[in-house]
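Here are the chains, one letter per residue:
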Amino acid sequence: WTCLEVPTKCTLKGAGIGATTIKIASTVTNQTIGIDNKRLDTPDDRNIVLRDFTLDCNKASFSTVSGYDRIMGIVTSRVNNLLIESVRVINLFGTASGGNGPNGTPGEAYAITPILAQGAVISNCVVEDGAAAVGSSGDSTIQSHNVRVINVRVKNIAQVGFTLYY
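These figures come from a predicted structure and were not determined experimentally.

The rules behind these values
- Residues numbered from 1 in each chain as written.
- Predicted model: local features only at pLDDT ≥ 70, side-chain atom pairs only at ≥ 80, totals over all residues.
- Heavy atoms only, no water.
- Helix = DSSP H or I, 4+ residues; strand = E, 2+ residues; numbered from the N terminus.
- Buried < 20%, exposed > 50% of the residue type's maximum accessible area, 1.4 Å probe, protein only.
- Contact = heavy atoms within 4.5 Å.
- Areas by Shrake-Rupley, 256 points an atom, 1.4 Å probe, with all protein chains shown as cover.
- Salt bridge = Lys/Arg side-chain N within 4 Å of Asp/Glu carboxyl O.
- Core = buried A, V, L, I, M, F, W, Y, C linked by side-chain atoms within 4.5 Å.
- pLDDT = per-residue confidence, 0-100.
- Disulfide = S-S within 2.5 Å.

What follows covers the overall build of the chain. When helices and strands are counted, the chain shows 1 helix and 16 strands. By residue count, 50% of the 166 residues in the chain fall in the buried class. Looking at the chain alone, contacts between residues at least 24 apart form 78% of all its contacts between residues at least 6 apart. About 7200 Å² of surface is accessible on the chain, with carbon and sulfur atoms providing 47% of the total.

This is the structure in structure tokens:
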């Protein structure tokens with residue numbers, strides 16, 4: 001389940017970090033993604049820009065509920081020419097072991113994760129307060145090519161802060 005799907009050749013632009021906040025609703029299902037691209041299974045999405053906003057993954061609504069193991073931030077798949085700039089992802093929720101819900105151990109939440117990207121830039125972003133940061137466990141780029149990560153800060157993350165897979 002995804003809250004917001006961004007199509008090819010689209011820019012999602014806010015008024016700035018803290019000025020524009022997109023918050024995941026407390027009624028979403030387990031393993032919901034906050035923002036992804038439209039065509040996850042084909043390499044047809046291109047020229048997608050996400051910039052100048054905060055994505056609140058709403059950890060408080062899920063961390064005490066049984067049956068939830070993670071709520072994810074930005075997860076894109078197979079995008080050619082992806083730019084994620086000046087985005088803050090906060091309040092991540094994920095459990096890795098010990099069961100789902102309040103008894104789980106903090107784990108993978110996928111804050112900013114371009115999967116199989118061809119030409120991606122992640123710039124001036126912040127990931128904070130949660131189970132994981134950028135990439136697989138937080139901010140990761142999974143099997144992507146020609147990826148540049150510039151000035152990304154990771155704060156108050158329980159496990160891995162940044163992961164890069166090839």
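The structure having been displayed, the exposition proceeds.
What follows deals with the pattern of salt bridges. Any two side chains of opposite charge can pair, given that their charged atoms come close. Counted by the stated rule, this structure contains 4 salt bridges. For lysine 38, the salt bridge identified is with glutamate 5, shortest N-O distance 3.3 Å. Here glutamate 5 lies in strand E1 (residues 2-6) and lysine 38 lies in the loop between strand E4 (33-37) and strand E5 (46-56), a separation of 33 residues in the sequence. For glutamate 85, the salt bridge identified is with arginine 51, shortest N-O distance 2.5 Å. With glutamate 85 in strand E7 (residues 80-90) and arginine 51 in strand E5, this pair connects stretches of sequence that are 34 residues apart.

So, on to the nonpolar core. When a protein is soluble and globular, its nonpolar side chains tend to lie buried together. By size, the foremost hydrophobic cluster in this structure holds 29 residues, and its most contacted members are Leu50, Leu55, Ile74, Ile84, Val89 and Ile112. Of all the secondary structure elements, the ones that give two or more residues to this core are E5, strand E6 (70-77), E7 and strand E11 (118-123).

Confidence along the chain averages 80 in pLDDT terms, with 74% of residues attaining 70 or more. The model gives residues 132-139 a pLDDT under 50, and that stretch makes 59 contacts with residues more than four places away or in other chains.

Right, let's talk about the side chain of serine 123 for a bit. For serine 123, the position within the fold is in strand E11. Every residue in contact with serine 123, bar those within four places of it in the chain, is listed here: Ile84, Glu85, Ser86 and Ile150.

Our focus in this paragraph is the environment of glycine 18. Structurally, glycine 18 can be placed in the loop between strand E2 (11-13) and strand E3 (21-23). With 70 residues separating them along the chain, glycine 18 and arginine 88 place their C-alpha atoms 8.2 Å apart.

Bringing the state of the cysteines into the picture now. For the structure shown, the criterion picks out 0 disulfides. For cysteine 3, which is in no disulfide, the shortest distance to another cysteine sulfur is to cysteine 57 and amounts to 8.8 Å. On the accessibility criterion, cysteine 3 (36% relative accessible area) is partly exposed.

Tracing the backbone shows phenylalanine 53 in strand E5. The spacing of phenylalanine 53 and glycine 18 is 35 residues in sequence and 6.6 Å in space, taken between C-alpha atoms.

The next point concerns unusual backbone geometry. Of note in this structure, lysine 9 is not a glycine but carries a positive phi near 55°. Among the secondary structure elements, lysine 9 is positioned in the loop between E1 and E2. Non-glycine residue asparagine 58 carries a positive phi angle of around 60°.

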